Amino acid sequence: MYHLDVYGTLVAATLVLLLGRKLVKSVSFLEKYTIPEPVAGGLLVAFSLLVIKQVFDWSLSFDLSLQEPMMLAFFATIGLNANLASLKAGGKALMIFIFVVVGLLLVQNTVGIALATFLGLDPLMGLLAGSITLSGGHGTGAAWGKIFTDEYGFKSATEVAMACATFGLVLGGLIGGPVARFLIRNIPTPGTADEDKDVPSAFEKPQSNRMINSMVLIETIALIAICLLAGSYIAGLLAGTAFALPKFVCVLFVGVILSNGLSVLGFYRVFDRAVSVMGNVSLSLFLAMALMSLKLWELASLAIPMLVILGVQACVMAGYAIFVTFRVMGKNYDAAILAAGHCGFGLGATPTAIANMQAVTDKFGPSHLAFLVVPMVGAFFIDIVNALVIKFYLWLPIFPTIAG
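The model shown is predicted, which means the values in this text are computed figures rather than measured ones.

What about the nonpolar core?
Phe97, Phe148, Phe248 and Leu394 are the most contacted members of the largest nonpolar core, which has 127 residues in total. Take this core: its biggest share by element is 16 residues, from helix 16 (residues 368-394). In contact with Phe248, not counting residues within four places along its chain, are Met71, Leu72, Phe75, Ala143, Trp144 and Ile147.

Some words on the pattern of salt bridges
Counted under the stated rule, the structure contains 3 salt bridges. The residue Glu37 makes a salt bridge to Arg21 at a minimum N-O spacing of 4.0 Å. Taken together, the residues span a long stretch of sequence, with Glu37 in helix 3 (residues 37-56) and Arg21 in helix 1 (residues 6-26) at a distance of 16 residues. A salt bridge links Glu68 to Lys247; its shortest N-O distance comes to 3.4 Å. Of the two residues, Glu68 sits in helix 4 (residues 67-80) while Lys247 sits in helix 11 (residues 247-265), which places them 179 residues apart along the sequence. Glu68 sits in the partly exposed class, given a relative accessible area of 28%.

So, the side chain of Ser367
Its location among the elements puts Ser367 in the loop between helix 15 (350-364) and helix 16. Side chain to side chain, Ser367 and Asp334 meet in a polar contact 2.5 Å long. If we ignore the near neighbours within four places in the chain, the residues touching Ser367 are Tyr333, Asp334, Ile337 and Thr361.

Description of the packing of aromatic side chains
Taken as a whole, this structure holds 7 aromatic pairs when the rule is applied. Considering the side-chain rings of Phe148 and Tyr152, the 5.6 Å spacing of their centres and the 75° angle between planes classify their relative orientation as edge-to-face. One end of the pair is Phe148 and the other is Tyr152, both in helix 7 (residues 137-152) and 4 residues apart, which spans about a single turn. For the pair Phe148 and Tyr152, a shared accessibility class is recorded, and that class is buried. Among the aromatic residues, those joined into a ring-pair cluster are Phe74, Phe75, Trp144, Phe148, Tyr152 and Phe248. Here Arg185 stacks its cationic end above the ring of Phe182, 4.0 Å away from the centre of that ring.

Here we look at a nonpolar patch on the surface
A surface patch of nonpolar side chains, amounting to about 550 Å² of accessible area, comprises Tyr2, Val51, Val55, Phe56 and Trp58. By the secondary structure assignment, Phe56 is in helix 3. Exposure remark for Phe56: the relative accessible area of 62% places this residue in the exposed category.

Here is what the cut-offs are and how they apply
Each residue is numbered by its place in its chain's sequence as written, counting from 1. For a predicted model such as this one, the threshold for reporting local features is a pLDDT of at least 70, and the threshold for listing and counting side-chain atom pairs is 80 or more; totals across whole chains, interfaces and linings nevertheless cover every residue. The basis for the side-chain values is all heavy atoms of the structure; hydrogens and waters are excluded. Nonpolar cores were defined as sets of buried Ala, Val, Leu, Ile, Met, Phe, Trp, Tyr and Cys residues, with membership established by side-chain atoms within 4.5 Å. Three exposure classes are used, based on accessible area relative to the maximum for each residue type with a 1.4 Å probe and protein chains only: buried under 20%, partly exposed in between, and exposed over 50%. To qualify as a helix, a DSSP run of H or I must reach at least 4 residues; to qualify as a strand, a run of E must reach at least 2; elements of each kind are numbered from the N terminus. Whether two residues touch is decided by their heavy atoms; if any such pair falls within 4.5 Å, the residues are in contact. The working definition used for a salt bridge is a side-chain nitrogen of Lys or Arg within 4 Å of a carboxyl oxygen of Asp or Glu. Polar contacts, as used here, are pairs of N or O atoms within 3.5 Å; protein pairs need one atom able to donate a hydrogen and one able to accept it. Residues neighboring in sequence count only if both atoms are side-chain atoms. When the centres of two rings from Phe, Tyr and Trp lie within 6.5 Å, Trp using its six-membered ring, the rings pair. Their planes under 30 degrees apart give stacked, over 60 give edge-to-face, and anything left gives tilted. By definition, being over a ring means that NZ of Lys or CZ of Arg is both within 6 Å of the ring centre and within 35 degrees of the ring normal. Here the term patch refers to residues with relative accessible area over 30% and no salt bridge, with like charges joined within 9 Å and nonpolar side chains (Val, Leu, Ile, Met, Phe, Trp, Tyr) within 5 Å. Using a 1.4 Å probe, accessible areas were evaluated by the Shrake-Rupley method; residue-level cover was limited to the displayed protein chains.

Structure below.
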């Protein structure tokens, strides 16, 4: 076995990202279904290491001491970018859609646990193939994967989480468009008039009136560091109590309070674009480290059952979007576009949701409500409510911790 220290691991992670970018640009399938660059590059490296181990019995290990700080920094940026005042813009539709999303989280976890139990697997497998990775994505999946390994003894949790999140990402991009086209077959559409294209949505025209410079980055790093410090402290205080929460959830909450508190007091306005840049860098490095260090050979015994669960989850997502999301959100064109977006981040990630909606609106006309609501719910609210839902399921007696 050859071991890379922290600097070698950082170099490897950046090379994985560059490789992923090249792959996504070169392979039309990866670009079409918006597969993230760290996922493309990381999985290729992981598969390559699998082949090397099987053929030459040689393995490579990494120093992953930077992985957790990168993960926590990413969730800190989600909290810092959460503008609670935007709730007013979304209004009633935003609140209703949040309840619809919560309903799917409950369905996904119930279906996942039931199928895992039926197949004779650890119920934790059902949660990993449920809302943790499907609605939560790679970042949330890796975060809970570490917790499941450390506290529940699920040794291959991270590998399972990455596999489920990747599979869901592809399915989310595959079913969103067909679901929307099925729903709008008998619904009036706005059409693609030129004047409609000139009306920007909140997602399509973000604030960009401030330049990113060195001082702005220093301010942003300071805010992220405060979130990590305070969130870690709060998580430590709650540990062992009935209110215990994962560290990344506490960090996210601190970011929300810090960002909106400073805004209300008038002391400082968080620079959204700088925070987003830092968040994307942190997430990319975190995912690259998580994926390139996967021990895929540990997944062999779980491959077929995992695919069965995920296949059923994809059918459940399509049915939920058609019979719940679409109907609850008004059974109109906006509701159909929201259903397509829900398929995107209900199985994959917010970028997949946006891609789904754009594919439909480019042909049938704009939906400004969908492009306002989906990014807010998919990029922020989903992480908070998902963490609470997962915590609720873990309180069930079927999930004893190692200590328990």
